[in-house]
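# Coordinate analysis (summary)
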Amino acid sequence: MTDPANSQTPLRAAFKIRLNGEPVTIDTVGQAYRFITSLSPIEWMEFRSLHAEAKVALEAADKNAMLSVQATQALRLLFRKARLL
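Because the structure is a prediction, the values reported are computed rather than measured. (Residues numbered from 1 in each chain as written. Predicted model: local features only at pLDDT ≥ 70, side-chain atom pairs only at ≥ 80, totals over all residues. Heavy atoms only, no water.)

## Description of the nonpolar core
Nonpolar side chains in soluble globular proteins tend to be buried together. Leu11, Ile26, Ile36, Leu58, Leu75 and Phe79 are the most contacted members of the largest nonpolar core, which has 21 residues in total. Of all the secondary-structure elements, those providing two or more residues to this core are β1 (10–19), α1 (29–38), α2 (48–63) and α3 (68–81). (Core = buried A, V, L, I, M, F, W, Y, C linked by side-chain atoms within 4.5 Å. Buried < 20%, exposed > 50% of the residue type's maximum accessible area, 1.4 Å probe, protein only. Helix = DSSP H or I, 4+ residues; strand = E, 2+ residues; numbered from the N terminus.)

## Topic: the side chain of aspartate 62
Note that aspartate 62 resides in helix α2. The side chain of aspartate 62 is buried and forms no salt bridge, while lysine 63, the nearest opposite charge, is found at 6.5 Å. Within the local environment of aspartate 62, its side chain forms a polar contact with the side chain of serine 7, the two groups lying 3.4 Å apart. Those residues in contact with aspartate 62, other than ones at most four positions away along the chain, are Thr2, Asp3, Pro4, Ser7 and Val29. (Lys, Arg positive; Asp, Glu negative; His and termini not counted. Salt bridge = Lys/Arg side-chain N within 4 Å of Asp/Glu carboxyl O. Polar contact = N/O pair within 3.5 Å; in protein donor to acceptor, adjacent residues only side chain to side chain. Contact = heavy atoms within 4.5 Å.)

If you want it as structure tokens, here you go:
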């Protein structure tokens, strides 16, 4: 079994967000997975459902690159709701 955090599968879009004033680019499944899992669950509490959906979608995209479209869409929804985009 692979670790989604190490996945090099490209997302369908690159996300450019600012975190603590620093620009962060997320363009692979692994980068996105590390980003959404490195923050505390408390920080995602308000967006718990979208966070869980994005995490599951990224795990699926790690196993099947054709699912990167769904993973990208799940991330887009999460980031928009969290006002990161």
